[in-house]
Each structure stands twice: as C-alpha cells, then as structure tokens.
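Observations on the three-dimensional arrangement
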Amino acid sequence: MTKDIVVLTPKMPDALRLLASLYAGGPDQYMTGDAEGAVIQLTGPDGRPLVSVEAPVLVQVAGEVERLLGAKAARRAGLTGAHRGRPVWWTEVRASTAVPDAAALAGSVAGRLALLLDGVCHPAGAVRSLGVVRVGSRPPARVGPGDGPGEGEGEGEGGGEGEGGGAATVGGSAGDAADVGAEVSAAAAPPGALPAVDVATATTAVVIGDRPLVSLSAWLSDVLRACAETDRALQIVTPPGTRMSMLTRFALTGAPNRWVVGDSSGYYDGLSGAELHWKDGTFAAIPTPEGTGRLADAFRPAGPTADRQLSLSFHTVHPPEEDLLLGGAVEAAWQALTGAPPTGWGTAEPVNLPWSRRQLTDLARGRAPRPTFLAVVGRPERPAVASVRVTRVGGGVEQDVTLVLGYGPGDALPLDRIASLAGTLVAEHGLVTMLAAVRPATRDLTVPAVFEAPPVPVSFTLGAAGVADVTLTRARRPPLEIEPLQLGSSVAPALHYPLGDGTDAEAWQSLHILTEHLAVAAP
C-alpha cells in the first residue's frame with residue numbers, strides 16, 4: 001500500500017475537517033506540530049510518528065497537478081478544459097515506514113478529508129477504508145536488498161498514475177531499530193529531530209518514497225534544509241521506474257546526497273549509476289580493487305529519443321537598489337524563448353503562486369541575508385522549469401538561474417534567439433556569464449534513473465565586467481575558429497561566443513579552451 005497520498009479538494013481543509021480526518025487513528029493517538037507548524041503529526045503513545053499531514057497549499061498555477069501527478073489525476077480532480085486553471089487545494093499525507101499499519105491509517109485520514117471536502121485522492125487506489133485504524137506497537141522499517149522495492153507500472157505521462165510500482169518495501173524486523181541492509185541498524189528518527197524522515201543516523205537522513213515522480217515538496221525542502229543545518233546527507237530511496245522532477249534534481253546536488261534506487265539485485269545511485277551498499281550509517285559506493293566503483297546493470301542508457309532539452313545557466317548581479325525587482329532576468333529569458341512570461345513561482349512543488357516579481361522580491365527581502373530558493377514554471381503546452389537562487393553579497397544581489405525547456409520531435413529549438421537574449425541580459429539585468437546547452441532528453445523534463453547523454457554546449461556569454469577583467473583585446477581573440485559577437489555598449493562591451501548547434505560533443509573541448517583563455521568558470 002502506498003504511503004504518500006495527495007488530497008485534491010476544491011475547498012480549503014479547515015481545522016474542524018482536518019481534526020475529523022485525523023481521528024481515523026482513534027482516541028489512542030496523539031497530535032503534534034512539526035516544521036514550525038507546517039506539519040501535523042499523528043503519533044503513537046511512545047511518540048513514534050505514524051502519519052504526517054502537511055499544511056494545505058492553494059495551487060493557483062494551471063497545469064501543476066498534471067505536471068506532477070499525471071493527466072488522469074488532473075481529470076479526476078476536474079482540472080480539464082476550461083477548468084484547467086481552476087485553483088485547487090493540495091494536501092499531502094505521508095505514512096511512516098517505521099510502522100506497517102501507518103499506511104492504512106494514512107489512507108483513512110486522506111480518504112476522510114477527500115470525502116468531507118468533495119475531493120479526490122492520488123493515487124486512486126490509496127484509500128482502502130475510511131474506518132478507524134488501530135495502530136499497535138509494530139516492528140519498524142526494514143530497508144535492505146532482500147526487502148527492496150516491488151515492481152509495478154505507472155501511467156508513463158507527466159507525474160504518472162497509479163502507485164508507481166509500490167513503496168520501497170517495508171518489512172518487519174525485531175527490536176526498536178530500522179534495519180537498513182544486513183550490516184547495520186539505525187535508530188528511527190526521534191520526533192522533532194528531522195521533519196519526519198524514515199531513518200536518521202549521525203551522518204544521513206533516509207527518506208523512502210513510493211510515488212512515480214519525486215517532486216520537491218515543501219516537506220522535502222524542509223528535510224534538505226534540516227540536513228544542511230545538521231551536516232547530514234539526504235538520501236532518497238525509491239523503487240525502479242521512479243522519476244525525479246527537474247527541480248528535485250537541481251536541489252539534490254550530488255554525493256553524499258543521493259537518489260538511491262533499489263531493486264531485487266541491490267541498490268544503485270539513480271544519477272551516477274554507481275552500485276551502493278549500506279555501510280557506516282549511509283549508502284556508499286561499493287569499492288572495487290581499482291577504486292573506481294561498479295556501474296549497475298540497471299543504469300543502462302535509455303533508448304533513443306527525438307525529444308530534446310535546452311538549458312540555460314546564467315548568473316547576474318544587481319546593485320542593492322531600493323526599488324530593485326528580482327526575477328527580471330528569468331522573465332526576460334522566458335519571454336525570449338517561449339513568447340510568454342512565466343506563469344507561476346514558489347519555493348517548492350507544486351509551484352502554487354501566479355507569477356509576480358513584486359511578491360518574490362518581498363519574500364527574498366524578508367529572508368535576507370539568508371539566500372532564497374525559488375521555483376518557476378511556465379505554460380503547460382511549453383514545458384519549462386527554472387530554479388533561481390537569490391543571494392545578498394557585498395556588491396549587490398546575485399541571482400543564479402538554471403532554466404530548462406522541453407521540446408518534442410516536431411518542435412524547433414529557438415537557438416537563433418539566444419544571442420538576442422544575451423544582449424538583453426547584458427543591457428538590462430547585469431549578466432555575468434551564461435552557458436546554453438542542448439541534450440537529447442524527455443520533453444516532460446522528468447529525470448529517469450538511467451544513463452542520459454550529457455548536454456552539449458551551444459554558446460557562452462561573458463558579461464562586461466568579465467571582459468574588462470581579461471581585456472577586450474584578449475577576449476575578442478580566443479584560440480578557436482569562432483567570431484564572438486559584441487553586446488552591450490561600446491564603452492563596456494560583453495561578448496557572446498557561439499559554439500555549435502548542440503549536436504557535436506567537441507563543443508565541450510571548445511568551451512574548455514575558451515574558459516581557460518578567459519580565465520573564467522562556466523556557470
């Protein structure tokens with residue numbers, strides 16, 4: 001049975017209906033607040049978390065339910081045709097893997113909430129009963145090669161439909177610890193230590209997911225933040241066939257953070273393919289005599305695809321002006337490449353707020369001097385997502401943007417608009433550097449746990465400050481057979497370097513030679 005359930009309702013889940021839903025655990029369970037009140041937990045008498053309910057989110061961005069949960073879920077929620085952009089309340093219910101009956105309890109909580117508010121649950125088969133679920137003292141979660149994820153089927157579109165192959169199977173073992181693999185036991189996370197993770201050790205927080213698509217939910221964002229603050233790695237364990245959203249991929253920055261995929265033969269890293277085992281309280285690469293590690297057989301290259309992705313990574317700096325509005329650079333890029341501005345922004349998935357530069361600026365100002373992470377999405381018919389990191393520095397405000405757009409077999413990539421966009425970013429948005437690249441990958445911008453071809457550079461842009469540092473004379477004469485395009489003013493020019501059309505991997509060598517000549521690092 002699934003342990004991650006999304007409840008979609010046309011009306012806001014109020015306190016009374018939430019309370020009635022949480023009473024699915026009967027009078028013997030306790031309620032506590034976590035993550036600064038953003039999460040309500042049902043716990044057993046011993047304090048062990050059983051079910052977590054996140055604060056409801058009003059999703060006001062068209063296409064987000066379909067992007068993350070699939071077309072069937074959107075249809076079941078009535079978000080089609082003229083109603084595609086109708087706001088909907090999104091409430092996440094998550095069962096702890098430390099108690100087997102917690103999944104049934106989560107289903108009852110979610111089903112009651114949906115019934116009271118004329119909503120639906122995703123996945124469709126997650127609710128087996130609306131009755132009271134008595135959760136006794138049960139053995140905790142077991143995560144190991146012998147108890148790996150089951151196999152199943154998803155819908156294969158967007159976020160997928162169904163249970164995505166089932167949870168990373170949670171079986172029983174004796175004692176009061178979560179037995180991870182055959183070699184070591186790790187105590188289940190104590191209440192309040194981390195936001196309801198499945199296993200926590202001194203070095204690692206393990207989250208077991210069973211959705212077809214791992215999205216960057218508000219809860220997962222809290223876990224990432226807590227891991228950074230406690231110097232822990234975050235490791236997400238999923239069944240085979242699961243995909244990761246592009247925004248989650250951006251946030252999961254590499255080892256020791258990992259996407260751990262489990263199947264009948266063991267575990268492997270879903271992004272690098274390295275075979276893994278549980279050792280010293282964390283999932284680590286299995287060493288070989290050569291010290292190189294082993295590549296999992298399941299991490300075979302995906303079949304050929306005619307889909308492509310265009311990615312832009314750029315860095316801007318603005319003076320700290322009182323009337324500064326953030327988000328202008330990403331908006332300009334969206335407008336140039338898609339013909340329309342972004343449609344939504346937020347700090348997690350689902351991206352829930354209509355696009356507003358004023359609102360996102362107010363949020364970043366309120367969080368300064370701490371950095372702010374923003375997620376941005378566009379129209380459903382042109383898949384595009386971006387991460388924006390806003391940081392206050394001595395010289396002003398930095399914005400680091402990674403924008404990825406998806407294209408199908410019949411779509412033309414707007415490569416001819418990149419130079420013009422670079423000129424706009426130089427003239428109006430304080431561009432420092434920008435790298436554009438293309439790769440064969442899915443139009444829907446999800447990330448599979450298989451080998452994908454790396455992106456191939458298309459162009460590199462060096463802003464006016466970088467050109468001044470290296471001198472215009474040197475910057476205009478790279479040791480390559482390319483003619484840079486001068487952008488901006490003649491007094492403070494920037495340079496745009498075309499590197500190809502994204503089909504020749506030799507462009508990486510050209511980029512390496514260029515950045516060494518300019519003594520800069522590509523974003």
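1. Remarks on empty space enclosed by the protein
Scanning all chains against the criterion turns up three cavities of 30 Å³ or more. In this model, the largest cavity occupies a volume close to 200 Å³. Asp4, Arg211, Val214, Ser215 and Trp219 are, among the 15 residues lining the largest cavity, the residues nearest its centre. Class assignment of the residues belonging to the lining of the largest cavity gives a composition of six nonpolar, three polar and six charged. Every residue along the wall of the second largest cavity is listed here: Val59, Val61, Ala62, Gly63, Glu64, Val65, Glu66, Ala74, Leu79, Arg84, Arg86 and Val88.

2. Let's talk about the pattern of salt bridges
Opposite charge on two side chains permits them to pair, given that their charged atoms come into close proximity. One pass over the full model with this rule turns up 16 salt bridges. Salt-bridge contacts for Asp198 lead to Arg94; the nearest nitrogen and oxygen are separated by 2.9 Å. Here the residue Asp198 occupies a position in the loop between β10 (184-187) and β11 (199-200), and Arg94 occupies one in strand β6 (residues 88-95), the gap between them amounting to 104 residues. Here Arg94 falls in the buried class, since its relative accessible area comes to 10%. In this structure, Arg294 engages Glu275 in a salt bridge whose closest nitrogen and oxygen atoms are separated by 2.8 Å. Here Arg294 is found in the loop between β19 (282-285) and β20 (308-318), whereas its partner Glu275 is found in strand β18 (residues 275-279), with 19 residues between them in sequence. The network of salt bridges with common partners includes Asp4, Arg94 and Asp198.

3. Topic: the side chain of Asp307
With respect to the helices, strands and loops of the structure, Asp307 is situated in the loop between β19 and β20. Buried within the structure, Asp307 lacks any salt-bridge partner; its nearest side chain of opposite charge belongs to Arg443, at an N-O separation of 6.4 Å. Dropping the residues within four chain positions of it, Asp307 is found in contact with Tyr407, Gly408, Pro409, Arg439, Pro440, Ala441, Thr442 and Arg443.

4. Concerning helix α7 (residues 328-338)
Extensive coverage of α7 is indicated by the burial of eight of its eleven residues. All buried positions along α7 are accounted for by Gly328, Ala329, Val330, Ala332, Ala333, Trp334, Leu337 and Thr338. Tucked into the core, α7 has its buried residues touching β20, α8 (357-367), β23 (372-377), β24 (384-393), β25 (396-407) and α9 (418-429).

5. Topic: the packing of helix α1 (residues 15-22) against helix α4 (residues 102-116)
Between α1 and α4, the least distance of the axes is 8 Å, while the angle of their chain directions is 145°. Here α1 runs over α4; the crossing is right-handed. On the side of α1, the interface is formed by Arg17, Leu18, Ala20, Ser21 and Leu22, while α4 contributes Val109, Arg112, Leu113 and Leu116. Along the lines of polarity and charge, the residues of the contact of α1 with α4 split into six nonpolar, one polar and two charged.

6. Describing α8
Regarding α8, the residues found buried are Leu360, Thr361 and Ala364. Summarising the axial view, the buried residues of α8 lie within an arc of 105°, below the 170-degree limit, and thus occupy one face. Structurally, α8 contributes buried residues whose contacts are with β21 (344-346), β23 and β24.

7. A short note on the packing of α7 against α9
At their nearest, the axes of α7 and α9 sit 10 Å apart, and the two run at 155° to each other. Taken together, the axes of α7 and α9 are roughly antiparallel relative to one another. Where α7 crosses over α9, the handedness of that crossing is right-handed. Each of Gly328, Ala329, Ala332, Ala333, Ala336 and Leu337 in α7 lies in contact with α9, whose residues at this interface are Ile418, Leu421, Thr424, Leu425 and His429. Residue classes in the contact of α7 with α9 are distributed as eight nonpolar, three polar and no charged.

8. Considering the environment of Gly270
Following the sequence through the fold, Gly270 ends up in the loop between β17 (266-269) and β18. Assessed through its relative accessible area of 1%, Gly270 is described here as buried. In this structure, the C-alpha to C-alpha distance between Gly270 and Ala449, residues 179 residues apart in sequence, is 4.3 Å. Ignoring anything within four residues of it in the chain, the contact list for Gly270 reads Trp259, Val261, Phe299, Pro448, Ala449 and Val450.

Calculation criteria
Residues numbered from 1 in each chain as written. Predicted model: local features only at pLDDT ≥ 70, side-chain atom pairs only at ≥ 80, totals over all residues. Heavy atoms only, no water. 1 Å grid on protein atoms, 1.4 Å probe; cavity = no way out; pocket = protein on both sides within 12 Å on 5 of 7 lines; lining within 4 Å. Points joined across faces, edges and corners; volume = space filled by probe spheres on them. Nonpolar A, V, L, I, M, F, W, Y, C, P; charged D, E, K, R; others polar. Salt bridge = Lys/Arg side-chain N within 4 Å of Asp/Glu carboxyl O. Helix = DSSP H or I, 4+ residues; strand = E, 2+ residues; numbered from the N terminus. Buried < 20%, exposed > 50% of the residue type's maximum accessible area, 1.4 Å probe, protein only. Lys, Arg positive; Asp, Glu negative; His and termini not counted. Contact = heavy atoms within 4.5 Å. Axes fitted to C-alpha atoms, helices over the stretch in contact; angles between N-to-C directions. Left-handed = near helix turned anticlockwise from the far one by under 90°. Arc of directions from axis to C-beta. Parallel < 35°, antiparallel > 145°, perpendicular 65-115°, else oblique.

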